[in-house]
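# Per-entry structural report
The residues making up each chain are set out below.
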Amino acid sequence: MNHNVLNVFITVDVEVWQHSNNFPHHFISDVQRDIYGVTKQGTFGLQYQLKILNDYDLKAVFFVESLFASVADKGYLREIVAMIQNAGQEVQLHIHPEWLERMNNPFVSVKTGAKFMKDYNMEDQKEIIAHSLQNLYSCGAENIIAFRAGNYGANDDTLRALYANNIRFDTSYNFAYRITPPGIVAGERLLQPKLVHSVYEIPISCFQDYIGYYRFAQFGGCYAREMDHVLLAAWRQQWQTFVVVSHSFEFVYRLRR
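Residues numbered from 1 in each chain as written. Predicted model: local features only at pLDDT ≥ 70, side-chain atom pairs only at ≥ 80, totals over all residues. Heavy atoms only, no water.

## Things to note about the sheet that holds strand β9 (residues 199–201)
- Pairing in this open sheet of eight strands is mixed, and the strands run β8-β9-β7-β6-β5-β4-β1-β12 from one edge to the other. Of all strands in the sheet, those bounded by a partner on one side alone are β8 (194–196) and β12 (241–247).
- Where strand β1 (residues 7–14) lies against β12, seven bridges are found, and the strand directions are parallel. Note that in β12 the partner of T11 across the bridge is V245. (Pairing = 2+ DSSP bridges. Helix = DSSP H or I, 4+ residues; strand = E, 2+ residues; numbered from the N terminus.)

## Looking at the packing of helix α3 (residues 74–86) against helix α4 (residues 122–138)
- Look at α3 against α4: their axes get within 9 Å of each other, and the N-to-C directions meet at 65 degrees. On the basis of their axis angle, the class for α3 and α4 is roughly perpendicular. Each of K74, L77, R78 and V81 in α3 lies in contact with α4, whose residues at this interface are N135, L136 and S138.
- Residues belonging to the contact of α3 with α4 are distributed by class as follows: three nonpolar, two polar and two charged. (Axes fitted to C-alpha atoms, helices over the stretch in contact; angles between N-to-C directions. Parallel < 35°, antiparallel > 145°, perpendicular 65-115°, else oblique. Contact = heavy atoms within 4.5 Å. Nonpolar A, V, L, I, M, F, W, Y, C, P; charged D, E, K, R; others polar.)

## A look at a nonpolar patch on the surface
- Residues Y48, I52, Y56, L58, F219 and F251 make up a contiguous nonpolar surface patch of roughly 590 Å² in combined accessible area.
- Note on placement: L58 falls in the loop between α2 (46–55) and β4 (61–65).
- Taking relative accessible area as the criterion, L58 reaches 39% and is therefore assigned partly exposed. (Patch = residues over 30% accessible without salt bridge, like charges linked within 9 Å, V, L, I, M, F, W, Y side chains within 5 Å. Areas by Shrake-Rupley, 256 points an atom, 1.4 Å probe, with all protein chains shown as cover. Salt bridge = Lys/Arg side-chain N within 4 Å of Asp/Glu carboxyl O. Buried < 20%, exposed > 50% of the residue type's maximum accessible area, 1.4 Å probe, protein only.)

## Digging into the packing of α4 against helix α5 (residues 156–164)
- Two elements in contact, α4 and α5, have axes separated by 9 Å at closest approach and are oriented at 50 degrees. Our classification of the angle between α4 and α5 gives oblique. In the crossing of α4 with α5, the sense of the turn from one axis to the other is right-handed. Listed contacts from α5 to M122, Q125, K126 and I129 of α4 are D157, T158, R160, A161, L162 and A164.
- Residues that form the contact of α4 with α5 fall into these classes: five nonpolar, two polar and three charged. (Left-handed = near helix turned anticlockwise from the far one by under 90°.)

Printed below as a string of structure tokens:
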């Protein structure tokens, strides 16, 4: 009998995008859509997810994108952090560097159209992480030790920059994400955690759908029976960790425009 314990990490990227007119005055509509999942039928975003987790006595890690708070009112970020922590859940760091282009006085030299952390050199990445950390801490976040790059766009320099900012865990490695191939060179295809540049890289779990095609474990991208199957397969193969991805807007179909 397999006595292995499979540690399943439910992770939620909490992020918002600006699509409203007259930004930032109408930004509340973007927050309601992407963070709180407000619809005519009800609210199915962050509050809904927190309630479901607590109803079933489950814990999750909420990777909160905080760079947006350098462009919009910090009150939004403060409310998000408080909501998660008051529910007994964990806040960690998420960064979409696209927000740098929206800043009037960016603190690093902005690369137009840059969507990924790996588009910036290591020194700039250190500054981006430090600035984003300060946003979280100033809004009440506690004990930030883990990170996920927006669009999974990290590289080796990201890990070095994280270490310089006292962040020891990263979960940006996503082999199955075809838009952004992993920029982290670990010497092998990562399936389980590995220490890389003094940071523990905890890869997002993926599975082979058919020959040569992989999907990563995301609630909105897998059937329940598929998730059951791959979790059982991971346990049988004596994996130690299994990382599932979700988003604050995971259960809402968004017509952004």
